[in-house]
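Below, each chain spelled out in residue letters.
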Amino acid sequence: MAEHRRSPNQSAEMAADERGRLGRRRVLGYLIAAPTLAVGVTWIANSNDPQTADAAVPTLPQPEQIFDLGDLQNLAAAPTSGLISVQLRTDGTAYFAVPRAEVGQGMTTAIAMMVAEELDLPMDKVSIGLADARPELLMNQLTGGSNSMRSMFLPVRTAAAIARQRLVETAAAQWGTPASNLTTRDGVVSGPTGRTATYGSLAEAAATSTTITVSAELKSRSEFTVLGRPHNRVDAVDIVTGRKQFGMDRQVPNAKPTMVARPPTINGTVKSINNLAAVRAMPGITDVVAISHGVAIRGDTFGQCIDAIQVVDATWGPGTVDNESDATVLAKLRAAQLPMAVPPLLSNTIDAEFVFAFASNSPLEPDCAIADVRPDSAEIWASLKVPIVAQEDIAKQLGLPIHAVKVHVNQAGGSFGRHLFHDVAAEAAEISQKMGKPVKLSWSRTDNFRQGRTHPMCTSRVRVNYLAGNVLSYEQRHTSVQTDFGHGLGEMITSTAAHLPVAGNLSFAETIFTLSQSSPYNFGVTTQLLNEIPLKFNTGSMRNIYSPNVVCAEELVVDRLAAKLGQDPVRFRRNFLRDKRLLAALNKAAEVGEWGKAMPKGMAQGVGLHAEYRGAVAALVEIDCRPETVNRPIPDGVSGPRVTKALIVVDPGFCINPRGLEAQMIGGLQDAIALALTSSLHIKDGIPLEGSWDNYFYTRQWNTPRDVQVLIMPNTSDSPSGAGELAVAPAFAAVACAYARATGTMPTYFPINHGKLGFEPHPLEPSTPQSPTDGLDHTF
Amino acid sequence: MATHTFKLNGKQISVDAEDNVRLLWVLRDLLGVTGPKYGCALEVCKSCTSHINGKAFNPCSVQVKDIQPADEITTIEGLPATVGKELHPMQQAWLDMDVSQCGYCQPGQIMAAVAKVKQAQAEGRELTEADLDELRNICRCGTYSRIREAIKAGAEDM
Ligand code: FES
Ligand code: FES
């Protein structure tokens, strides 16, 4: 066996001289001039991951192992001069505005935990809001690449620690006693004589009239009482009582419901509206205008907008991919596959090709945005992961200076990549400008599937040469319809390109690919390359960009290799893994998941591994492919094979919130099951056929395993890994491998049911189908 | 435009709307009751699930004219009052299991869960895994496992 490489997180360990006694780390920030105590911290001063980018690129480890996408985002965030700040209020609460979008990943909870920990304040006294677009924060306002936790971990704690220290110093000065005699707990400073003062009572006295630099010590891991313990979500009560306000629920005066009748192909245009007067005369309708990609309709209710869509008679112009269908796209992808470098070794070669269909990243909340565009200013409300890019683009589109456009970030009902873009906010702005009125635009469910962003179709070809029990070469050629990164990651890259440990003139997508992909195995000469074809679909990432597909292909081939070499899949992986943390996770999964136990014919276990975002996951699933299960009747839904049991073992580096982490693992698993077995878009003549959730088969209760377990490995680092996307790839691979073992056939087209259209498509026109009226016949 | 009257979360209300407007929009756009979520308006995603006379239904697929003055509509906002508490046991179970992620589906999930449990109770039988498999509510964040746990726990206290 070759030597183990350094684990990815080793580089995140802090140098000994940065720590004081107790292993505490000294950090810097500012007391900001404000009426009550306010502390600011720059991103750069306390960047979580060391910036190792100037280190020479080692020849052996693939770049992802020394420097990944999250590092890149951290590095790109560094030049910002903007501060993030914690403010203490006189009621004793601390307020922190997160410059990121909360879309369900539990980030606000984790950040509240960081503040509570370093400030010694109860969780319910920490209030977290979402910051408006702040151009001075540059790319710090990007929620993507599972990067939030990693980049916020030190700055947020630093701000809170400084605030705590300042409160202690303030009390010490008032009481004429040294600060070292004072302690803090639950938002109260206590002195030696039993004297106490609440934070709220000190908030004004602790304020400063000039901004000054201060330093403080962070707690060491062993002193944590909040971080690392399970905490429920801070917005849970609001959610279960229906009080949580999503973008769709927001009311802005006179911003009436607005929808768009759309052309029958992706990005189609409007030539003419042939019955404008008739549409305008529909009940409840106030305005109808042609816009770039459809006919916008504003009315008293969304239902009346849908009614009006039914009667629109328009002449449509062409879209951007009118002649494309699944088969034409696949043919183009195959023609663009990069060649393998190593010739096949005849009988000792595995050559495999895997195809992954288009998939929708639509969350449950339909895309929506409110826009109020006036002649010299505009105000936008939308769920945006990159609000400053939205602000800049929308200002340009409206012909307004950037500062005249105010962009507010809404809480979103999920994202999965969709809210990296501001298509809907931009369209709302266009409509509001054309109508001269505020609008609350919602894309319909069907719009979301048919015109919304997709994870593009891709192929992954793998060639492996092996000889006498060794693997000589592993080559993977990933070919994808272009993924759109037009959300600002590109600007980050440009500004930081000089620091990247990737050589040559890689395209932006190739850079992302290189920084996010690496094989965890000792497979000799290893190359993983990406090529993209420039088709004008509306694309984007979806709970990860490339990994689910790349890893699924790799792990299926690993299982096949194991079989060729006469080894059990888990034993084979143990022999060839070079990532220690993955190996530990695999061993745990095999033990707890009872790998190798007897299963009935038609059922099997499968395992999948993946390390990324400085985290490592092993997934072990059991699948039931017996006919009585596959053919179980489900009205208006797909049955097919069922994953009956799933175990996810995760090494998150440092685990901030076990409950939140477990939730992210469970969510990633459900995505994985959908990607492997049921959910895809069928492209036909320039548009997806899917128009509702009963066409796009995301995992439903009847597909989900009844037995799901998440195990969190002991911390292996002081810094948290990304979690939101981490489980998708390994769980996808595990389901695919289990399916192959249960059926004896390695699947090569995903999802496995893509070949059979399981529904009757809604017509293309009207673009949004009329709502049913028979709801009272289906009560229970 | 006609005036429609019905009982909403314990109060008799009236609202002016065209007959065909689906109840979901009457609730959300005209009355500002936003607990029932819009996820499809096709009677598929179930995120609008509410109760009519104690049974689960999807207001996105019922015209307001089909609601009678004596009908009692309960949305998530009115659920606690049906048991005279701050929180319905099912909501409490949701908190205990920390089910929610983005939360968009959860009002509908909870309303469907309550109806499903009541259905089994009315039939005098235990809630089964097969019952849970029948729930059609989408959760795009994939919280299904915790939803199942929460329903079982909530059922104990109902
Ligand atoms: S919105 Fe009513 S079922 Fe989807
Ligand atoms: S919690 Fe997001 S859709 Fe269910």
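Residues numbered from 1 in each chain as written. Chains lettered and ligands numbered in written order. Predicted model: local features only at pLDDT ≥ 70, side-chain atom pairs only at ≥ 80, totals over all residues. Heavy atoms only, no water.

## Observations concerning the overall build of chain A
- For chain A, the count of helices and strands is 20 helices and 31 strands.
- The burial tally for chain A puts 64% of its 780 residues in the buried class.
- Taking the contacts inside chain A whose residues are at least 6 apart along the sequence as the reference set, 79% of them involve residues at least 24 apart.
- Accessible surface for chain A amounts to roughly 26400 Å². Of this, 52% is attributable to carbon and sulfur atoms. (Helix = DSSP H or I, 4+ residues; strand = E, 2+ residues; numbered from the N terminus. Buried < 20%, exposed > 50% of the residue type's maximum accessible area, 1.4 Å probe, protein only. Contact = heavy atoms within 4.5 Å. Areas by Shrake-Rupley, 256 points an atom, 1.4 Å probe, with all protein chains shown as cover.)

## Points about the packing of helix H15 (residues 547-564) of chain A against helix H20 (residues 728-743) of chain A
Residue and element names in this part refer to chain A.
- Axis separation between H15 and H20 bottoms out at 8 Å; the angle between their running directions is 35°. Viewed along their axes, H15 and H20 form a crossing whose handedness is right-handed. Residues Ser547, Pro548, Asn549, Val551, Cys552, Glu555, Leu556 and Asp559 of H15 form the contact with H20, whose own contacting residues are Val728, Ala729, Phe732, Ala733, Ala736, Cys737, Ala740 and Arg741.
- The residue inventory of the contact of H15 with H20, partitioned by class, reads 11 nonpolar, two polar and three charged. (Axes fitted to C-alpha atoms, helices over the stretch in contact; angles between N-to-C directions. Left-handed = near helix turned anticlockwise from the far one by under 90°. Nonpolar A, V, L, I, M, F, W, Y, C, P; charged D, E, K, R; others polar.)

## Describing the environment of A:Cys737
Residue and element names in this part refer to chain A.
- Locating Cys737 in the fold gives a position in helix H20.
- Using a relative accessible area of 0% as the deciding quantity, one classes Cys737 as buried.
- In this structure, the C-alpha to C-alpha distance between Cys737 and Lys645, residues 92 residues apart in sequence, is 14 Å.
- In contact with Cys737, other than residues within four places in its own chain, are Glu555, Leu556, Asp559, Arg573, Gly606 and Val607.

## Considerations on the interface of chain A and chain B
- Between chain A and chain B, the residue contacts involve 80 residues of the former and 68 residues of the latter.
- Taken together, the links from chain A to chain B amount to eight salt bridges.
- Note that A:Arg706 is salt-bridged to B:Glu129, the shortest N-O span being 3.9 Å.
- Breaking the side of chain A that touches chain B down by element, the ones donating at least two residues are helix H6 (236-240), strand S10 (256-261), helix H8 (302-311), helix H12 (445-450) and helix H19 (658-678) of chain A.
- Looking at the side of chain A that touches chain B element by element, the count peaks at eight residues for H19(A).
- Of the residues belonging to the side of chain A that touches chain B, the class tally is 30 nonpolar, 33 polar and 17 charged. (Salt bridge = Lys/Arg side-chain N within 4 Å of Asp/Glu carboxyl O.)

## What to know about the environment of A:Ser444
- You can see A:Ser444 is positioned in the loop between strand S20 (439-442) and H12.
- A C-alpha to C-alpha distance of 9.7 Å links A:Ser444 and A:Ser692, two positions 248 residues apart in sequence.
- Not counting residues up to four positions away in its chain, the partners in contact with A:Ser444 are A:Met259, A:Thr768 and B:Tyr38.
- Side-chain polar atoms of A:Ser444 contact the side chain of A:Thr768, separated by 2.6 Å. (Polar contact = N/O pair within 3.5 Å; in protein donor to acceptor, adjacent residues only side chain to side chain.)

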